[in-house]
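Chain residues, written in single-letter form:
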Amino acid sequence: MNDLRGIKVLFGGSFNPPTKAHFEIARSIIEKFNVIDFVFLPTGNVYNKANLIDAKYRIEMLELLCKKLTNARVSDYEMKQTKYLGTYKTLEDFKGYYFVMGADNFITLHQWINYPKVVIENHFIIINRNGIDLEKYAKSYPDIYNNLNNFIIFNEFKEVDISSSLFNKTKDYSLLEKEVVLYIKKHNLY
């Protein structure tokens, strides 16, 4: 692997709500790669996802996490969209950033808007989880397999089973950072 220290990183997702896993992934990537600009990019309100709370709240929860991280901030980029434009458009506007995604999203890349250009023209950090065999999957799609040099596989979180979906199902506050728990209770969310 080339020396990737001093990179810029974009971490997209619904963050509905942001969890301990989101925080730990951000912290680990920032430290490992000495990230100079780490941007949380929550999906906008126009993104079609069930039970997605207003972006205002998701942004404010992420801002609480950024206070505990170095060189981290939240972007409202997708809040300005009147329709969902896809990650390809976002990465055009955040040229040079590495895009963080979970292995569960990696295996849907072939369905993304502007595939295969999104793979060929950009760089990604993949959080390996759920025991997904990423190389085996990539071999099924030549456009991905032939551009594996555009992907960094981050294996430190292989067995993470903390997600916003799990929180929404269980309402288990131990999955969240204490600042986020207090915020949720204060605003009577979820």
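Rules of the game
- Residues numbered from 1 in each chain as written.
- Predicted model: local features only at pLDDT ≥ 70, side-chain atom pairs only at ≥ 80, totals over all residues.
- Heavy atoms only, no water.
- Buried < 20%, exposed > 50% of the residue type's maximum accessible area, 1.4 Å probe, protein only.
- Helix = DSSP H or I, 4+ residues; strand = E, 2+ residues; numbered from the N terminus.
- Arc of directions from axis to C-beta.
- Contact = heavy atoms within 4.5 Å.
- Phe/Tyr/Trp six-rings, centres within 6.5 Å; stacked < 30°, edge-to-face > 60°.
- Lys NZ or Arg CZ within 6 Å of the ring centre and 35° of its normal.
- Salt bridge = Lys/Arg side-chain N within 4 Å of Asp/Glu carboxyl O.
- Pairing = 2+ DSSP bridges.
- Axes fitted to C-alpha atoms, helices over the stretch in contact; angles between N-to-C directions.

Remarks on helix α9 (residues 178-187)
Those residues of α9 that sit buried are Val180, Val181, Tyr183 and Ile184. Viewed along the axis of α9, the buried residues span an arc of 165°, placing them on a single side of the element. Every exposed residue of α9 that faces more than 90 degrees away from the buried side is listed here: Lys178, Leu182, Lys185 and Lys186. Its buried side turned inward, α9 meets α2 (55-66) and α8 (164-170). A positive backbone phi angle near 55° is found at asparagine 188, which sits one or two residues after α9.

Overview of the packing of aromatic side chains
All told, the structure shown has 17 aromatic pairs when counted by the stated rule. Centre to centre, the rings of phenylalanine 94 and tyrosine 97 are 5.4 Å apart; their planes meet at 85°, and the pair counts as edge-to-face. The burial state of phenylalanine 94 is the same as that of tyrosine 97; both residues are buried. Ring centres 5.5 Å apart and planes at 65° place the aromatic pair phenylalanine 106 and tyrosine 137 in the edge-to-face group. Of this pair, phenylalanine 106 sits in helix α4 (residues 103-106) while tyrosine 137 sits in helix α6 (residues 134-139), and the two are 31 residues apart along the sequence. For tyrosine 137, a relative accessible area of 13% gives the class buried. Through pairs of rings, three or more aromatic residues link up here, namely Phe99, Phe106, Trp112, Phe124, Tyr137, Tyr141 and Phe151. If you follow lysine 185 out to its NZ or CZ, it ends over the ring of tyrosine 173, 4.9 Å from the centre.

Points about the pattern of salt bridges
Following the criterion strictly, the structure yields 8 salt bridges and no others. Between arginine 27 and glutamate 24 there is a salt bridge, with its nearest N and O atoms 2.4 Å apart. Note that arginine 27 and glutamate 24 are positioned in helix α1 (residues 20-33) at a spacing of 3 residues, about one turn of the helix. Take arginine 27: its relative accessible area is 28%, and that puts it in the partly exposed class.

Describing the sheet that holds strand β2 (residues 37-42)
Within the open sheet, the 6 strands sit side by side as β3-β2-β1-β4-β5-β6. Their pairing is parallel. With one partner strand each, in any of the chains shown, β3 (72-74) and β6 (151-154) form the two edges of the open sheet. In this sheet, neighbouring strand axes are inclined to one another by 25° on average, regardless of whether the strands run parallel or antiparallel. As paired strands, strand β4 (residues 97-102) and strand β5 (residues 123-127) are joined by 5 bridges and run parallel to one another. Bridge pairing in β5 links phenylalanine 99 to phenylalanine 124. Strand contacts of α2: β2 and β3, with the helix running at about 170° to β3, the strand carrying the most contacts.

A few points about the side chain of glutamine 81
Along the chain, glutamine 81 turns up in the loop between β3 and α3 (87-93). A relative accessible area of 10% means that glutamine 81 is categorised as buried. Each residue touching glutamine 81, except ones within four places of it in the same chain, is listed here: Val46 and Thr90.

A word on unusual backbone geometry
The residue after asparagine 16, namely proline 17, is reached through a cis peptide bond having omega 5°. For the bond from tyrosine 115 to proline 116, the omega torsion is 10°, close enough to zero to count as cis. Relative to the assigned elements, proline 116 resides in the loop between α4 and α5 (117-120). Residues other than glycine seldom take positive phi values, yet tyrosine 190 does so here, at roughly 60°. Among the structural elements, tyrosine 190 can be located in the segment after α9.

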